[in-house]
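Given next are the chains, with one letter for each unit.
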Amino acid sequence: MDFDMLFRGGPVITVNRHADVADWAAVKDGKIAAVGSAQDQPTDACAARVVNLKGAAMLPGLYDAHCHVMPTGFFLDSANLLEVKSIAGTLAALKKQSEKTPKGEWVFGAGFMSQNVKENRFPNRFELDGVSDAHPVLLTAQTLHGGALNTPGLSKISVPDVAGVGRDEAGQPDGVLLSDEAFFPSMSQVMALLPEARLRAFIESCAQYACRRGATSLVGLLGQFVDGDTDVAIVERHKADFPVNITTFYQTWDLEKIKQYKLQRIGGCLTLDGAGFEYTMALQEPYPAKSERRGFLIHTDEEVYRLVSQAHREGIQTAFHALGDRAIDQLLYVFRQVIGEQGHKDLRHRVEHFSLPWDKHMDMLAEMKLIASMQPAFTGIWGEPRNGYYDLLFDRERAARMEIFPEIIKRGGIICGGSDSPVTLVDPLYGIACCIDNPDPRRNVSVQDALKIFTYNAAYSVHQEREKGTIEPGKDADFTIVDRNPYEYAGRKEIYGMKTLMTVKDAEIKYQAAGIF
Ligand SMILES: [Zn+2]
């Protein structure tokens, strides 16, 4: 037998440098062994297993380059509160969740939005006590910037004495936590109380979900969610068991911590500024609607410099969250200084989000060969040209500069694509559609570039382009088979309906849609 698997009967979109579309691909020993055109196609007898694509398109395994693994798994495993309209509805959803949760174990609710419930506030612990007296309960905001606990839940942790802790008439915490300072340490204490099996189940849920959405690899942003960062240890220990590859970015400012895992990278969504929704994105000029505010930088230049300089010296890649032009400016000038002092080393430092860059920033990114790690799904959800969120937040000029993919590419920048899951749940096909047929056509890129953003470039962004990202001999047998050829659907609304039919990781079928192959 020449091959373990032969895929034929549909376009094999290689995403190689010539953007070739082949007719078949064969696999041997977990690697791609050969790719070719119809005239040199091997017979079915040459392969132990033949997958007839029946016209479906085969892509390199899709790669989500920015995924918060633990919060995604937490969201998927919790009562979903995205649609609740009242506090009574919230309590009912949590009660249902408590009925399928063994007594004594935590009941979680996620996706709560106070602006969606008619009371326009979080439920307090007295209300949450009505859910169950046999379960501690934690409910979290959709943004993960707030939450609430019932009385048994509250008794298990020590809530910090900071602004944002809700208080009852007697001055005691009422269970509602409305600031990051109040919520984050409380949430990470709750997570640290969970048995390792439950933390691992969060990772597994995220990985399973990603696999069904066609992802074969994730850059997992880990740490900062569980006291003691046990999630990093779990992923590193059980890597081989998940249905997707997870590449860890350990979100810490302490270089010593990554060394115990021999990681070659540090950071991830290490925030240098906030986000647009909260008017905390760091801007050079104020928000038009809030002329007194232009967000803020969370760290001094010196703090950022210290970590980048130390990491660069030791040959370690870094990544930081920088959305606004002022945060991007801070980070790029730190990179420029460090590279100026120590030389360029092909470390591929990443700027996460890179949402509002100016021409100068795009040129600096390209010149220093840094990576813009972006989330095209954001533009699909918030960037509509009319009545869109960007237009509400900004003046026209800045709204039009948000996430301006073709301009970044034109200036020589490399973009890798992610979801920022659970902000938008892992869905690389949606991200690709947003790059090809954006609600604002000024954001459209070619089909090949759109595919590269979620395949080759994502692999390149973590130094894996020799093993992943295209369908070429010698690379890992990671594939995503989709129901329509993106080249044929470019410029048609139906590109948004692209669906995963099969996910193959390391030559193993990890997911397949029912009744197709
Ligand atoms: Zn993020």
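Residues numbered from 1 in each chain as written. Predicted model: local features only at pLDDT ≥ 70, side-chain atom pairs only at ≥ 80, totals over all residues.

Colleague: Break down the sheet that holds strand E8 (residues 107-112) for me, citing the residues and quoting the values.
Modeller: In space, the six strands of this open sheet follow the order E7-E8-E9-E10-E12-E11, with mixed pairing throughout. The sheet terminates laterally at strand E7 (79-80) and strand E11 (165-167), the two strands that pair on one side only. In this structure, strand E9 (residues 137-141) lies alongside strand E10 (residues 147-149), joined through three bridges in antiparallel fashion. Following the sheet pairing, Leu138 is matched in E10 by Leu149. Running over the sheet, helix H5 (residues 180-193) touches E9, E10, E11 and strand E12 (173-177) and is turned about 95° from E12. (Pairing = 2+ DSSP bridges. Helix = DSSP H or I, 4+ residues; strand = E, 2+ residues; numbered from the N terminus. Contact = placed C-beta atoms within 7 Å. Axes fitted to C-alpha atoms, helices over the stretch in contact; angles between N-to-C directions.)

Colleague: If you had to explain the nonpolar core to someone new, which residues and values would you point to?
Modeller: Among the nonpolar cores identified, the biggest contains 157 residues, and Ala25, Met58 and Leu331 are the most heavily contacted of them. With residues near it in sequence (within four places) discarded, Leu331 still touches Leu272, Val304, Phe320, Ala322 and Val351. (Core = buried A, V, L, I, M, F, W, Y, C linked by C-beta atoms within 7 Å. Buried ≥ 20, exposed ≤ 12 C-beta atoms within 10 Å, placed from the backbone.)

Colleague: Which residues make up the environment of Thr151, and what are the values?
Modeller: Structurally, Thr151 can be placed in helix H4 (residues 151-155). Looking at Thr151, the number of C-beta atoms within 10 Å reads 17, which means it is partly exposed. Placed 23 residues apart in sequence, Thr151 and Asp174 show a C-alpha to C-alpha distance of 8.4 Å. Other than its neighbours up to four places away in sequence, Thr151 contacts Arg125 and Asp129.

Colleague: Provide a residue-level description of the packing of helix H9 (residues 301-313) against helix H10 (residues 325-342), including the pertinent values.
Modeller: It is the contact of H9 with H10, at a shortest axis distance of 9 Å, that shows an interaxial angle of 40°. Overall, the two elements H9 and H10 adopt an arrangement that is oblique. Read as a crossing pair, H9 and H10 show a hand that is right-handed. On H10, the residues that touch Asp301, Val304, Tyr305, Val308, Ser309, His312 and Arg313 of H9 are Gln330, Leu331, Val334, Phe335, Gln337, Val338 and Gln342. The class makeup of the residues in the contact of H9 with H10 is seven nonpolar, five polar and two charged. (Parallel < 35°, antiparallel > 145°, perpendicular 65-115°, else oblique. Left-handed = near helix turned anticlockwise from the far one by under 90°. Nonpolar A, V, L, I, M, F, W, Y, C, P; charged D, E, K, R; others polar.)

Colleague: Before we move on, could you go through the environment of Ala148 and cite the residues and values that matter?
Modeller: As for its placement among the helices and strands, Ala148 is situated in strand E10. Spatially, the C-alpha atom of Ala148 lies 6.9 Å from that of Phe122, the residues being 26 residues apart in sequence. With residues near it in sequence (within four places) discarded, Ala148 still touches Phe122, Pro123, Asn124, Leu128, Leu139, Gly175, Val176 and Leu177.

Colleague: Explain the domain arrangement of the protein chain residue by residue, including any values.
Modeller: Splitting the protein chain by domain gives domain 1 (1-59 + 473-517), domain 2 (71-195) and domain 3 (264-468). Taking the mean C-alpha position of each, domain 1 and domain 3 sit 31 Å from one another. Residue-level contacts link 16 residues of domain 1 with 13 residues of domain 3. In the side of domain 1 that touches domain 3, the residues fall into 11 nonpolar, two polar and three charged. (Domains from an automatic or database assignment.)

Colleague: Any details on the packing of helix H1 (residues 69-77) against helix H6 (residues 196-212)? Residues and values, ideally.
Modeller: In contact at an axis separation of 7 Å, H1 and H6 are set at 85° when each is read in the N-to-C sense. Accordingly, the angle class assigned to the pair H1 and H6 is roughly perpendicular. Contacts between H1 and H6 involve Val69, Met70, Thr72, Gly73, Phe74, Leu76 and Asp77 on the former and, on the latter, Ala201, Phe202, Ile203, Ser205, Cys206 and Tyr209. Of the residues contributing to the contact of H1 with H6, the split by class is nine nonpolar, three polar and one charged.

Colleague: Residue-level account of the sheet that holds strand E14 (residues 245-250), with values.
Modeller: Spatial ordering of the open sheet is given by E6-E13-E14, a layout of three strands whose pairing is parallel. Each of the sheet's edge strands pairs with one partner strand only, and the pair in question is strand E6 (62-67) and E14. Strand-to-strand twist across the sheet, computed as the mean angle between neighbouring axes with direction ignored, equals 15°. Pairing analysis gives six bridges linking strand E13 (residues 215-222) to E14, with the strands arranged parallel. The residue of E14 that forms the bridge with Leu221 is Phe249. Each of E6, E13 and E14 touches H1; the most contacted strand, E13, lies at about 105° to it.

Colleague: Describe H1, naming the residues involved and giving the relevant values.
Modeller: A large share of H1 lies buried, amounting to seven of its nine residues. All of the buried residues along H1 are Val69, Met70, Pro71, Thr72, Gly73, Phe74 and Phe75.

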